[in-house]
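Residues per chain, in single letters:
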Amino acid sequence: MRILVTGGAGFLGSHLCGRLLDEGHDIICLDNFFTGSKDNIIHLMDSHRFELVRHDITEPLLLEVDRIYNLACPASPVHYQYNPVKTIKTSVMGTINMLGMAKRVKARILQASTSEVYGDPQVHPQTEGYWGNVNPIGIRSCYDEGKRVAETLMMDYHRQNSVDIRIVRIFNTYGPRMAENDGRVVSNFILQALRNEEITVYGDGSQTRSFCYVSDLVDGMIRMMECDNFIGPVNLGNPDENSILEFAEKIITIANSSSRIIFKPLPQDDPKQRQPDISLAGYKLGWKPQVALDAGLGTTTRYFAARIGKG
Ligand code: NAD
Ligand code: UDP
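Every chain is numbered on its own, with residues counted from 1 as its sequence reads. Chains carry letters from A onward and ligands carry numbers from 1 onward, assigned in written order. Totals for whole chains, interfaces and linings use all residues, but because this is a predicted model, local features are given only for residues with pLDDT of at least 70 and pairs of side-chain atoms are given and counted only at 80 or more. Based on all heavy atoms of the structure, the side-chain values leave hydrogens and waters out of the count.

S.K.: Teacher, can you tell me more about the packing of helix α7 (residues 244-254) against helix α9 (residues 293-307) here?
M.R.: Two quantities define a packed helix pair, namely the angle between the axes and the distance from one axis to the other. It is the contact of α7 with α9, at a shortest axis distance of 10 Å, that shows an interaxial angle of 55°. In terms of their interaxial angle, α7 and α9 are classed as oblique. Considering the relative orientation of α7 and α9, their crossing is right-handed. When α7 is examined against α9, the residues Phe247, Lys250, Ile251 and Ile254 are found in contact with a partner set consisting of Leu293, Asp294, Leu297, Gly298 and Thr301. Considered class by class, the residues forming the contact of α7 with α9 number five nonpolar, two polar and two charged. With axes taken as lines fitted to C-alpha atoms, and helix axes fitted only over the stretch in contact, angles between N-to-C directions fall between 0 and 180 degrees. Helix numbering and strand numbering both begin at the N terminus, where a helix is a DSSP run of H or I of at least 4 residues and a strand a DSSP run of E of at least 2. For this classification, under 35 degrees means roughly parallel, over 145 means roughly antiparallel, 65 to 115 means roughly perpendicular, and everything else is oblique. Handedness of a crossing follows from how the near helix is turned relative to the far one, being left-handed for an anticlockwise turn of less than a right angle and right-handed for a clockwise one. By definition, residues are in contact when any of their heavy atoms lie within 4.5 Å. Charged residues are taken to be Asp, Glu, Lys and Arg, nonpolar residues to be Ala, Val, Leu, Ile, Met, Phe, Trp, Tyr, Cys and Pro, and polar residues to be all remaining types, Gly included.

This is the structure we're talking about:
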């Protein structure tokens, strides 16, 4: 198949491009390089089945493809809050452009949605049936509400125009190729630990997250794309839940670091707890994560150590 991956030079997108290329497909990687980088895909560029297109999905384009994975959107709060108007344009206008293309060329399209559609959840763990608790006017809204509209657009193009859609709600995912300046907790803590700098826990660290290793996530995305008669939304994530304080301690141990933990103010609207219910993914896709947190963090720590010359 010919497959378009938007946001393909980013963290998740680059792993997805690599896996799809390994499976024998022709890949078009599209990116505007806001948070992505050519370094993430340089190893794929020798393949004659890999093409790179510099483009911004808020502008229309037409490509003849069989599948579209729509991942283009900054994912770290630091990056999506840098230009919030652009963030919401990417989710709304960008998704309309990709759906328009899917409709025209009859491609199947998968939207990378997020656990953020549940906001600061009042149901725990989160099931797909929960409608969420999102602040529409806060500093996370450009991302959360953008992704909620993207889901709405997917469903309406499906109902109105019979576009063949899939929606995955991705929970916190980590692994090699996260950007050094990404600002999300995994890369921040690992880099701080490796440099023996203070580990910056926001709030009292009692808030929880559940972290999924990138290879598991990519596997779930591909299974969902190729699953017939199920459009989602489906949660993809690892239910292994940790408080952020526990997580900081774990990383200090794994990195064999002398860092101490310091506490900084909790950002506005930071969700207090998050854990995916992945029963639906198990039932419909036969999917569950395979990589345990300690193993995945070990691999990611070695990756960052090599990258900053401490390997
Ligand atoms: P990332 O920031 O590494 O990748 C996003 C990519 O999209 C980057 O390469 C960036 O340059 C590109 N991009 C951004 N805006 C664009 C635009 N307007 N046009 C073209 N390209 C654009 O983030 P990631 O972690 O790889 O996330 C990928 C997708 O998965 C995002 O849609 C994100 O919302 C979603 N997601 C990720 C996580 C996670 O934990 N990693 C969790 C939930 C959802
Ligand atoms: N966090 C933290 N220190 C950091 C970065 C993040 O304590 O240096 C916290 C953040 O407040 C949140 C959790 O870690 O409670 C996960 O943050 P991240 O930005 O990775 O993802 P999200 O909040 O979008 O799940």
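More follows now that the structure is in view.
S.K.: Just to check I follow, could you spell out the side chain of Glu145 for this structure?
M.R.: Locating Glu145 in the fold gives a position in helix α4 (residues 141-161). Only protein chains enter the area calculation, which uses a 1.4 Å probe; residues under 20% of their type maximum are buried, those over 50% are exposed, and those in between are partly exposed. Judged by its relative accessible area of 19%, Glu145 falls in the buried class. Aside from chain neighbours lying at most four places away, what touches Glu145 is Val134, Asn135 and Pro136.

S.K.: It is not clear to me how the site of ligand 2 should be interpreted in this structure. Could you clarify?
M.R.: We define proximity as follows: a residue is near a molecule or strand when any one of its heavy atoms falls within 4 Å of that partner. Around ligand 2, the surrounding shell holds 18 residues, and the nearest of these are Thr200, Tyr202, Arg209, Asp270 and Arg274. Identification of polar contacts relies on pairs of N or O atoms within 3.5 Å, with a donor-acceptor requirement for protein atoms, meaning one able to donate a hydrogen and the other able to accept it, and with residues adjacent in sequence counted only if both atoms are side-chain atoms. Between Val185 and ligand 2, the recorded distance is 2.8 Å, taken from a backbone N or O atom to an oxygen atom. One of the side-chain N or O atoms of Asn188 is found 2.8 Å from an oxygen atom in ligand 2. Elements with a minimum of two residues in the shell around ligand 2: α5 (185-194) and β8 (199-202). Looking at the shell around ligand 2, its residues break down into seven nonpolar, five polar and six charged.

S.K.: Just checking my understanding: could you explain the packing of aromatic side chains for this structure?
M.R.: Here a ring pair, both rings aromatic, is described through the centre-centre distance and the interplanar angle of the planes. Planes of paired rings set the category: under 30 degrees apart is stacked, over 60 is edge-to-face and the rest tilted, where pairs are Phe, Tyr or Trp rings (Trp by its six-membered ring) whose centres lie within 6.5 Å. The full count for this structure, using the stated rule, is nine aromatic pairs. With a centroid separation of 4.4 Å and 5° between ring planes, the pair formed by Tyr80 and Tyr143 is classed as stacked. One end of the pair, Tyr80, is in helix α2 (residues 77-80); the other, Tyr143, is in helix α4, with 63 residues separating them in the sequence. With relative accessibility at 7%, the residue Tyr143 sits in the buried group. Each ring, one from Tyr118 and one from Phe171, has its centre 6.1 Å from the other, and the planes form 40°; the classification is tilted. Placement of Tyr118 in the loop between β5 (108-114) and α4 and of Phe171 in the loop between β6 (165-170) and β7 (173-174) is noted, with a sequence separation of 53 residues between them. By the burial criterion, Tyr118 is buried, and Phe171 matches it. The rings of Tyr174, Phe189, Phe211, Tyr213 and Phe247 are connected pair by pair, giving a single aromatic cluster. For a lysine, the NZ atom is tested; for an arginine, the CZ atom; a charge sits over a ring if that atom is within 6 Å of the ring centre and within 35 degrees of the ring normal. The lysine or arginine in question, Lys38, covers the ring of Phe33, its NZ or CZ lying 5.9 Å from the ring centre.

S.K.: Got a minute to help me understand the sheet that holds β6 in this structure?
M.R.: Across a sheet, paired strands are connected by hydrogen bonds in the backbone, their directions being either parallel or antiparallel. Pairing is parallel across the open sheet formed by seven strands, whose spatial order is β3-β2-β1-β4-β5-β6-β11. Two strands close off the open sheet at either side, each with one partner strand: β3 (50-54) and β11 (234-236). Taking each pair of neighbouring strands and ignoring which way they run, the sheet shows an average axis angle of 20°. Two strands make a pair as long as DSSP finds a minimum of two bridges between them. Strand direction decides the pairing type here: strand β1 (residues 2-6) and strand β2 (residues 26-31), joined by five bridges, are parallel. Bridging from a neighbouring strand, Val5 pairs with Cys29 of β2. On top of the sheet, helix α3 (residues 84-105) reaches β1, β4 (67-70), β5 and β6; it is set at about 170° to β4, its chief contact.

S.K.: Teacher, can you tell me more about the state of the cysteines here?
M.R.: Two cysteines whose sulfur atoms are joined by a covalent bond form what is called a disulfide. Two cysteine sulfur atoms make up a disulfide if the distance between them is within 2.5 Å. A full pass over the atoms with the stated rule returns zero disulfides. Cys17 takes part in no disulfide bond, and the closest cysteine sulfur, belonging to Cys29, lies 4.3 Å away.

S.K.: Can you walk me through the pattern of salt bridges in this structure?
M.R.: Side chains that differ in charge, positive against negative, can pair when their charged atoms come close. Counted as salt bridges are all cases of a side-chain nitrogen of Lys or Arg within 4 Å of a carboxyl oxygen of Asp or Glu. Following the criterion strictly, the structure yields 21 salt bridges and no others. Across the pair Arg67 and Glu226 runs a salt bridge, and its minimum N-O distance is 2.9 Å. Taken together, the residues span a long stretch of sequence, with Arg67 in strand β4 and Glu226 in the loop between α6 (214-225) and β11 at a distance of 159 residues. By relative accessible area, Arg67 is classed as buried at 13%. The class of Glu226 is partly exposed, set by a relative accessible area of 34%. Of the charged contacts in the structure, one is a salt bridge between Asp270 and Arg209, with a shortest N-O distance of 3.1 Å. Of this pair, Asp270 sits in the loop between β13 (261-264) and α8 (279-285) while Arg209 sits in strand β9 (residues 208-210), and the two are 61 residues apart along the sequence. Each member of the pair, Asp270 as well as Arg209, is classed as buried.

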